[in-house]
Every structure is written in C-alpha cells, then in structure tokens.
Amino acid sequence: MEGRTLTTVAPPQRAHSGLGTRLRQLRVAAGLTQSDLAGDRFSKEYVSQIERGKTRPTPQTLSWIAERLGVDSSFLETGQSWDEYAQVEAAVMRAEAAVEGQRYDEVLEALDGLTHSPEAHELEFRACLAESWVRMSQGELRPALDLLTRARDLSEHPGFSDVERAEVLYRMGVCRYKLTSINTAVTLLTEALDLADRSGLPCDRLRSHILEWRSRCSRRQRDFAGAREDIERALELADRIDDTLTVAHVTFQASIVAERDGHWLRARTLAERAKELYEAHGDRKNVGRLLNNLGGLNYLLGKSDDAIDYLKRAFSVALEVGSDPDAAQAVSSLAQVHLGAGDWSLAEEQARHALQLLESRPDFLDEAGNAWIVLGRACMEQGRFDEAHDAFAEAELNLSQLSSASHRAVAWTAQGDLATRRGEHRTAATLYRRAAEALQDVRF
C-alpha cells in the first residue's frame, strides 16, 4: 500500500507462542531454570507448558512471573510495556476522533509508523478501521480494502464480538459500492446486518448505517421499493437512539429516495431538514452536498434562479472544505442548469471544469459520466458533432462501469440524439430502443 502505513510484527505461529517465547527468553537472560522460576508456587512442567504455548496463565500468575523476572506484566503478555501500549492507544484514539471530525490528514499523521504487537489485536483492529475510512474517502479503494481485510482477520480472534465483525463487513460493503461492485456490496451489507441483529448487543447506530448504504445499492439496482423500505427502517433506528448526526445522514438519503420516486416537494423538505442537522453539527462538507441537492430539486421544480444560487453556494462550501469531488458535482449541476437554459458555451466550460476536478477518482464514475453527457450535448448544440461523439463515448465508458443498465441508457439516449442530428435515423432508432429496454433512470 502506498503512503504511510501501519507496521505490524509478524504474528506468532501458535496461539500463545509469543508469550511463551518471551517468557523463555527473559528466563534464560535472568539465568533461571524452569524450576528456579517456578519456585514453590508452580511445577517445572507448568512453566514448560506456558513456554510452549500449551496453556495460558491467569492475570495474577502473569503478574507474579513478571515480578520474578523484573519486567512489566504488560510486556510479558503483549511484547509492549504499559507505557508503549498507552502511547499506541492514545494515537489510535486521536485518529478515531479525527475520523469523526473528517480531519483526514490528522488521522494519517496519528497512525503514521505505529508498531502493533501481534497480541494487541484490538488496537490494530481500530487503527485499520480508522485508516481504511480515510483511504476510502480519498478514493484509494484498493488500499482501503486491504486494511479492511486485515481488520476482518483480526476480528476472528477471541474477544471480538459479532458487532465488531459486522462493522468490518459494513465498511467493506461501502468500499465495494464505491468500486461499483453492487451485488458484492449488497451481500456484505446483508451479512453485516444479520450479524448485528444476532449479536443481541446495542448497535442501532451501526444497523442504521448498514441500512442506509444498502438503500443506496437498491437505488443503483432500480429496486426503489427496497431502497425506500431500508431507508425508512434506518430512520426509525436513528430516531430511536437520538443520534442527530446519523439522522442527518439517513434523512439525506431519504430525500434522494423521494426524488427518485418523483416526490420532489417531499425530497426538498427532507433535504432542508438534513441540512439544518448538519449545520447544527458544524458538518460543512455535508452542508455543501445538501446545497447541491437542493439546487437540483429547485431546478426540477422550475426555480432556475434559486437552483443557481444553491449550486453556487455548494461550490463555495466545497472549496472552503477542500473537497474537489464535491466542487465538481456542484459545477456539473450548474452546467446542467445552463445547458437547459441554452447557454451552450458556459455549460461546456463548466462541464470541462467538473471533469478536471474528478480526474483519477474511480469512486465518482456516475458524476463523471453525467459531466461527459453535458459536455457532449453542449458541443452538439454548437455543431461540433465529432467532439460530441467522443464525449458521449467517454460517458458510456464511465457509466457502463456502474453495474446499472439505466445509467448506460443515459449515454445511449444522448448518442441517439446525436445520430438524429446527423441524419443517421437507423442508428438513432437502435440506440433509442436499447435505452428504452434498459429503463432509463436519469439522475440530476
């Protein structure tokens, strides 16, 4: 994995051989035989079993042995002293707090160069989750999956609960969604939800997030009934635990579901509620995203001036928080508004700007595809048919990776319009028929 990484000591060959190896090394260094170490408290055979990893001493026994050897009991057990363990734990806690605040540079700084004992599974697990979320948010999806695979392996050790295993599967599902592996994402999210449900532990926040992301998958698969059912369940769970930030996330997605159902006024009401909740939390990035969606909804409701105002504010917030993908979506939405108003040159300029901002972001293929569509239509309206053809081909290339025929239908419809303008009516008819069969699903 490129960039800053976590360092992990190679795991022991047997369950307790790390402890046993350290015990033997410390005993020999102290010039003690197994009988000397056992003294009157244990037998020589018992010490031998510990050293060979055949038995696990109690905490009281560990403390007694550590005192005899003149070492910290934490070092004897994990290979790290209490001070070293506390330093690693403090770094992980700083990283987790930074993830919550979306201060991703601080996360990587906190985790940079950490060395984890092979027996300190919990801290390495938490560090993997924190760094994987940052990598995912920055579009580094394969490194994120590598970290989550390691976290899943760690979660199989004793001491981890089904909720922690569900957390890993949930994050892997999100990552697979961003990689457009929608069927795999659904499988992972469903398995995560089953684990969380069976755990019997309080985890409504996690369950709400799982349902939220599974709803996104259902939308991508055009299963709008399933999307609506999951998002309603997610909202019930979030309301029940009085977690207003989770309520904001779920309400945001509920607004998008309502938009897909054609309930634009309800979608706008939900979006405004989500924006207020994000503002209360100081979450500027999501406030900007809601401004973008509100711009789109006002455009659909015929309020173009309001739409432009919202979208300009969304672009400004995206620049403020340093999010190129969010800035790109705002510019792309503005391009669509200007395309609808017949301002072809401005629509072209903004579409190109959006594509520049989305360069090398495989997790935003949908947005890139839509920007290529706008660019192609702007070029077509200006009589530059060859450029339009190339733009529509790029749109199809991007949208075809979304595992959604309805997204490809958007590109086929645009290509059909271009063929019509060129007088290629047979080609146009073929493209329109292909799009109709795919059940077009246009997203603003």
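Sequence order as written defines the numbering, with residues in each chain counted from 1. Under the rules for a predicted model, residues below a pLDDT of 70 receive no local features and side-chain atom pairs below 80 are neither given nor counted, while totals for whole chains, interfaces and linings still include all residues. Side-chain metrics rest on all non-hydrogen atoms present in the structure, leaving aside hydrogens and water.

1. Observations concerning the side chain of Asp243
What counts here: By definition, any uninterrupted DSSP run of H or I lasting at least four residues is a helix, any uninterrupted run of E lasting at least two residues is a strand, and each is numbered from the N terminus. Using a 1.4 Å probe on the protein chains alone, a residue whose accessible area is under 20% of its type maximum counts as buried, one over 50% counts as exposed, and one in between counts as partly exposed. Counting of polar contacts relies on pairs of N or O atoms within 3.5 Å, with two restrictions inside protein: one atom must be capable of donating a hydrogen and the other of accepting it, and residues adjacent in sequence are counted only when both atoms are side-chain atoms. Residues count as neighbours in contact if any of their non-hydrogen atoms are within 4.5 Å of one another.
The topology assignment puts Asp243 in the loop between helix H13 (224-240) and helix H14 (244-260). Look at Asp243 and you get buried, because its relative accessible area is 18%. Here the side chain of Asp243 touches Arg205 through a polar contact of 2.9 Å, side chain to side chain. Dropping the residues within four chain positions of it, Asp243 is found in contact with Arg205 and Ala238.

2. Quick notes on the environment of Arg260
Positionally, Arg260 belongs in helix H14. Put simply, Arg260 and His407 are 147 residues apart on the chain and 14 Å apart in space, counted from C-alpha to C-alpha.

3. Thoughts on helix H21 (residues 385-399)
The criterion, for reference: One less than the number of residues in a helix, times 1.5 Å, gives the span that helix is expected to have. Think of the arc as the fan of directions from the helix axis to the C-beta atoms.
The end-to-end C-alpha distance of H21, which contains 15 residues, comes to 21 Å, matching closely the 21 Å that a straight helix rising 1.5 Å per residue would cover. Taken residue by residue, H21 has Ala388, Ala391, Phe392, Ala395, Asn398 and Leu399 as its buried positions. Axial view of H21: buried residues confined to an arc of 120°, hence all on one face. Along its buried surface, H21 packs onto helix H20 (365-381) and helix H22 (405-421).

4. Things to note about the confidence of the model for the protein
Note the cut-off: As a per-residue measure, pLDDT tells how confident the predictor is, with possible values from 0 to 100.
Mean pLDDT for the protein: 88, with 93% of residues reaching 70 or above. Overall, residues 1-17 carries pLDDT values under 50, and its contacts beyond four positions in sequence, including any with other chains, amount to 40 contacts. pLDDT under 50 marks residues 440-444. Its contacts with residues more than four places away, or in other chains, come to 22 contacts.

5. Overview of the nonpolar core
Here is the rule we go by: Only buried residues count toward a nonpolar core. Its members are Ala, Val, Leu, Ile, Met, Phe, Trp, Tyr and Cys residues joined through side-chain atoms within 4.5 Å.
Among the nonpolar cores identified, the biggest contains 65 residues, and Phe125, Met136, Tyr170, Cys175, Leu206, Ile210 and Tyr278 are the most heavily contacted of them. Core analysis: the next-biggest nonpolar cluster, separate from the first, contains 32 residues, Leu339, Leu357, Val374 and Ala388 among them.

6. Observations concerning the pattern of salt bridges
Selection rule: Here, a salt bridge means any side-chain nitrogen of Lys or Arg that lies within 4 Å of a carboxyl oxygen of Asp or Glu.
Overall, the coordinates contain 30 salt bridges when judged by the stated rule. The partner of Arg289 in a salt bridge is Asp326, and the shortest N-O contact between them spans 2.9 Å. On the criterion of sequence distance, the pair formed by Arg289 in helix H16 (residues 284-300) and Asp326 in helix H18 (residues 324-340) is long-range, its members being 37 residues apart. Judged by its relative accessible area of 30%, Arg289 falls in the partly exposed class. Among the residues examined, Asp326 registers a relative accessible area of 9% and is labelled buried. Glu387 is the salt-bridge partner of Arg352, the closest N and O atoms lying 3.5 Å from each other.

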